[in-house]
Amino acid sequence: MNPTTRTWLLSDAPQTRRQARLGALYQGWLTFRANKLAMLGLVILLALLGIAAFAPWLAPQNPLAQDLAGRLKPPSAAHWLGTDALGRDILSRLIYGSRVTLFIVGTVALIAPVIGLFIGTVAGFAGGWVDQVLMRITDIFLAFPKLILALAFVAALGPGIGNAVLALAITSWPPYARLARAETLSIRNADYIAAARLQGAGRLRLLIGHIWPLCISSLIVRVALDMAGIILSAAGLGFLGLGAQPPMPEWGAMISDGRTYILDFWWVAAMPGMAIFIVSLAFNLLGDGLRDVLDPKGAKE
Amino acid sequence: MSPLLSLRNLRVSFPTRSGTFDAVRGVSFDLGRERLGVVGESGSGKSMTGRAILGLVRPPGRVSADRMELDGESILNLPERRMRQLRGARISMVMQDPKFSLNPVMTIGRQITEGYRLHSGQSAAAARQKALDMLEAVQIRDPERVFNAYPHEISGGMGQRVMIAMMLAPDPEILIADEPTSALDVSVRNEVLNIMDKLVRDRGMGLIFISHDLNLVGQFCDRVLIMYAGRVVEELPARELHNARHPYTRGLLDSLPRLDRPVGRLAVLQRQDSWRDAEITTPLPEGL
Amino acid sequence: MLTVRDLDVWFGHPPDRVDAVSAASFSVASGESFGLVGESGSGKSTILRAITGLIGTWSGTITVDGQPVTGQHRSKAFHKTVQMVFQDPYASLHPRHSVDRVLSETLHLQGMDQIDRRITALLDSVGLGRGFRFRYPHQLSGGQRQRVAIARALAAEPRLLLLDEPTSALDVSVQAEILNLLSDLRRERGLTYVMVSHDLAVVAHMCDRLAVMRAGRVIEEMPASALRAGTAVSDYARALIAASASYQPA
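Criteria and thresholds
- Residues numbered from 1 in each chain as written.
- Chains lettered and ligands numbered in written order.
- Predicted model: local features only at pLDDT ≥ 70, side-chain atom pairs only at ≥ 80, totals over all residues.
- Heavy atoms only, no water.
- Helix = DSSP H or I, 4+ residues; strand = E, 2+ residues; numbered from the N terminus.
- Buried < 20%, exposed > 50% of the residue type's maximum accessible area, 1.4 Å probe, protein only.
- Contact = heavy atoms within 4.5 Å.
- Buried area = accessible area lost by both parts, 1.4 Å probe.
- Salt bridge = Lys/Arg side-chain N within 4 Å of Asp/Glu carboxyl O.
- Polar contact = N/O pair within 3.5 Å; in protein donor to acceptor, adjacent residues only side chain to side chain.
- Nonpolar A, V, L, I, M, F, W, Y, C, P; charged D, E, K, R; others polar.
- Axes fitted to C-alpha atoms, helices over the stretch in contact; angles between N-to-C directions.
- Parallel < 35°, antiparallel > 145°, perpendicular 65-115°, else oblique.
- UniProt positions renumbered as here; feature names shortened; annotations may be inferred.
- Patch = residues over 30% accessible without salt bridge, like charges linked within 9 Å, V, L, I, M, F, W, Y side chains within 5 Å.
- Areas by Shrake-Rupley, 256 points an atom, 1.4 Å probe, with all protein chains shown as cover.
- Lys, Arg positive; Asp, Glu negative; His and termini not counted.
- Charge placed at Lys NZ, Arg CZ, Asp CG, Glu CD.
- Pairing = 2+ DSSP bridges.
- Phe/Tyr/Trp six-rings, centres within 6.5 Å; stacked < 30°, edge-to-face > 60°.
- Lys NZ or Arg CZ within 6 Å of the ring centre and 35° of its normal.

### Thoughts on unusual backbone geometry
Note: most peptide bonds trans; most residues except glycine with negative phi. Residue B:Pro59 is joined to B:Pro60 through a cis peptide bond whose omega torsion reads 10°. By the element assignment, B:Pro60 lies in the loop between helix 1 (46-53) and strand 4 (62-64). A positive phi angle, near 55°, is found at B:Asn9, a position not held by glycine. Locating B:Asn9 in the fold gives a position in strand 1 (residues 5-16). Judged by its relative accessible area of 25%, B:Asn9 is partly exposed. A positive phi angle, close to 50°, is found at C:Ala23, a residue other than glycine. Mapping C:Ala23 onto the fold places it in strand 2 (residues 18-28). Among the residues examined, C:Ala23 registers a relative accessible area of 44% and is labelled partly exposed.

### Here's the deal with the interface of chain C and chain B
Many authors give the size of an interface as the accessible area that is lost as the parts come together. On the side of chain B, 29 residues touch chain C, which itself brings 29 residues to the contact. Both faces considered, chain C and chain B share a buried interface measuring about 2500 Å² in area, 54% of it formed by carbon and sulfur atoms. The residue C:Asp184 makes a salt bridge to B:Arg265 at a minimum N-O spacing of 2.6 Å. On inspection of chain C and its partner chain B, the count reaches eight residue pairs in polar contact (both at pLDDT 80 or more). Where the side of chain C that touches chain B is concerned, the elements lending two or more residues are helix 6 (172-189), helix 7 (200-206), helix 8 (224-229) and helix 9 (235-245) of chain C. Broken down by element, the side of chain C that touches chain B gets its largest block of residues, nine residues, from helix 6 of chain C. The residue makeup of the side of chain C that touches chain B, split by class, is 16 nonpolar, eight polar and five charged.

### Considering the packing of helix 1 (residues 3-10) of chain A against helix 2 (residues 17-34) of chain A
The axes of two packed helices give the description: the angle between them and the distance between them. Residues and elements named next belong to chain A. Close contact between helix 1 and helix 2 brings their axes to 7 Å; oriented N to C, the two are set at 100°. The angle between helix 1 and helix 2 falls in the class roughly perpendicular. Counting all contacts with helix 1, which are made through Arg6, Trp8, Leu9 and Leu10, the residues of helix 2 involved are Gln19, Leu22, Gly23, Tyr26, Gln27 and Leu30. Residue classes in the contact of helix 1 with helix 2 are distributed as six nonpolar, three polar and one charged.

### Quick word on the side chain of C:Arg118
Residue and element names in this part refer to chain C. Examined against the element boundaries, arginine 118 turns out to sit in helix 4 (residues 115-125). Taking the relative accessible area as the measure of exposure, arginine 118 reaches 16% and is therefore buried. Leave out the neighbours within four places in its chain, and arginine 118 touches Leu107, Met112, Asp113 and Glu157.

### Here's the deal with the UniProt feature "domain: ABC transmembrane type-1" (unreviewed entry) in chain A
The UniProt feature table records "domain: ABC transmembrane type-1" (unreviewed entry) at residues 98-287 of chain A. Segment residues 98-287 of chain A splits into 84% helix and 0% strand. End C-alpha atoms: 20 Å apart.

### Overview of a positive patch on the surface
Residues A:Arg6, A:Arg33, A:Lys36 and B:Arg17 make up a contiguous surface patch of positive charge. Topologically, A:Lys36 is positioned in helix 3 (residues 36-53). Accessibility expressed as a relative area gives 63% for A:Lys36, which makes it exposed.

### Some points on the UniProt feature "transmembrane region" (unreviewed entry) in chain A
All names here are of chain A. Those places that UniProt annotates as "transmembrane region" (unreviewed entry) correspond, in this numbering, to residues 37-59, 100-127, 147-171, 227-244 and 265-286. In residues 100-127, the share of helix is 96% and the share of strand is 0%. The end C-alpha atoms are 40 Å apart. Across residues 227-244, the secondary structure splits into 72% helix and 0% strand, with the terminal C-alpha atoms separated by 18 Å.

### Some remarks on the sheet that holds strand 9 (residues 206-211) of chain B
Residues and elements named next belong to chain B. Here six strands make up an open sheet; going across it, the order is 7-8-9-3-10-11 and the pairing mixed. Among the strands making up the open sheet, the edge pair consists of strand 7 (91-94) and strand 11 (231-237). If you compare each strand with its neighbour and ignore which way they point, the axes differ by 20° on average. Two strands pair when backbone bridges link them, and strand 3 (residues 35-39) and strand 9 are joined in this way by five bridges, in the parallel orientation. Directly across from glycine 37, in strand 9, lies its bridge partner phenylalanine 209. Contacts from helix 1 reach strand 3, strand 7, strand 8 (174-178), strand 9 and strand 10 (223-228), with the element oriented near 145° to strand 9.

### Section: the packing of aromatic side chains
Summed over the entire model, instances satisfying the criterion amount to ten aromatic pairs over all chains. Geometrically, the ring pair formed by A:Trp29 and A:Phe32 is stacked, given 6.2 Å between the ring centres and 20° between the ring planes. Of this pair, A:Trp29 and A:Phe32 are both found in helix 2, three residues apart, which corresponds to roughly one turn of the helix. You can call A:Trp29 partly exposed: its relative accessible area is 35%. Ring centres 5.7 Å apart and planes at 85° place the aromatic pair A:Trp266 and A:Trp267 in the edge-to-face group. When its relative accessible area of 6% is taken as the criterion, A:Trp267 is described as buried. Ring-pair connections join several aromatic residues into one group, and the members of that group are A:Tyr261, A:Phe265, A:Trp266 and A:Trp267. Cation over ring: B:Arg35 sits above B:Phe220, and NZ or CZ is 5.8 Å from the ring centre. Stacked on the ring of B:Phe147, the Lys or Arg B:Arg128 has its end atom at 4.8 Å from the ring centre.

Given below as structure tokens:
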């Protein structure tokens, strides 16, 4: 980047709204970039996005094409990661499976924190009986193990990837609600909220304009750190046969298929396992970096 | 008499995105058995000087000095283990707010005895007696009750006295007090200062009193260093404070509203760039 | 301008009820500058919070500009008449809102027009200038933040400004600047001030009259000249003045 742009962005005295906003973003980017591991996480996730987007061009073979003669072949030049029990190319299935993974992650990441943010901030800000009711509901959800609850939902709604994602989203919002409520309680009595009140700001404005921006950053960090868990839960549902249905190339279901052969044909289960491991790790690293940038406690210093 | 603490050209710097930030830039002074005031505004480096002496500057901050000696023995950048032996036993520090310096889940008695036993190796019973004596020395009327109390059960002024008792229990040679009374009301403040003064005097300790309050330092200390932008800009006997010559010191004194001298408008300090690097206006003691 | 009669303020419910203010009464004339002094816990800031409705648990009468206020709710007209500046400028500005956002939202809430022009004028009047308009709080010093907070309070063009220890978190040289700014603004705009402080010299400098508070009660009311002359009537006020004036080694 040329030095004048850099100075312009890092200016302590921005001249326009746009410069101030871009400057804040650039500051954040610099903080993020300083964390090498977080950068690694970001690169992996961008690569995953690229793989998902260009799957048809990247995959060497049709992920659904069976070749019963060439089943359970070890990694070779023809099949880099080997073939599974039906002779399908594991690499191609992993590449197409990245789309499923992104779909799961994206949908859960959109639904769960939004529900959590809404319930948590309303409970924390309103207080009184509203708080009591909302938090008891949250407690009920928290009282069940997440996977068991998700299993119950899927069992009720019927197996399938869409229902699995919905079940995961519905079961993973309570921790976000707790987090958002805790943040709200610490913000609610701050002087800047009192000052806005004295200007006649209504409750909705305070909630959306003043409290949400401060809660969202910690939620984003939390979501990024939880992503690994969500991928694993989705894989768990897939493993139990309640998530993605065959022949869809979902990573969890692929491990499940491979478990019968795990001793003699280790790659069938190990390859999707590696993929889940790498993506989970990438999300954790990214979350760590985002915490440096977004944590409001850090930003105040 | 050789000084208790001798500092020459102390520097503390922190790397930042836009280069190195020098929080302390070449501070030199000798501390005898006296009350030395260090005054300055926020960002003047006064607290950082105290932290550097105690080896409490966290990385990536770096401390350097031509000399930093306690009783003729260098204490510059000692390994953390050695420094821990020094801290508390030979140099102690009282912080601004007792609320943040006392462990909320430990009784006060335990906090005092723990530090004392660590440094002195005394028995539990002896440590308990010492703690009760110390609490009495800081004029706590009911030492037994306070000994068994938790920090939230006592007031701010009492908390600060407990801090002083805790810091003075191992009989250190030097006490560094960083704004010890800023969080206290005036009546309590004067009591705490009296206690500190008496203890320091009786035990022949050296006291470094870090404060933003010029008048208070002028009344309480023997000698005053005025810091600006990481440097000492003026040094003078406390009773001469009102005859200070440096324009910064004068500016600070003039900008304070005073009960005995009504003014229409307060004088505003016009900062000069030259203060950052100008030489100190009062000569330091020999050997500098 | 402001009358407070038999004000009680409490926190919590019996048996844990804590009475922060008991039977406090005072009144402030239009254009006057009134000080409330006392040590921490004396209830001086609590009174301001009861007036502005930030605390709802109070009884007694509070009249602002002839209009009595009740409970916690305050009318739009009240917000246009009374504004407050808080003690800690590091806590009174939203960490994610730029100066521009703070002022434009305030002006919008107060139903002002020509928001752009008004922001510039406000920044000029608190001595910041338009160069500060798009900065975030972390790009401002303590004194600059307090100027922004003052600008925010002035946005509604109020007539009564409640100042809750406006300079106690600032360095003395910055304190002088802010106090001068507040004096200038009061003269230019004919404002009425109620200033809470533990610093008697600051109150003597800024106020015409003051009330000394202790443990939730108003002990004594006196003109600032009495404070300077040390001619307080009550023992407590005398002791407080003596303790503040200087530290006498025992």
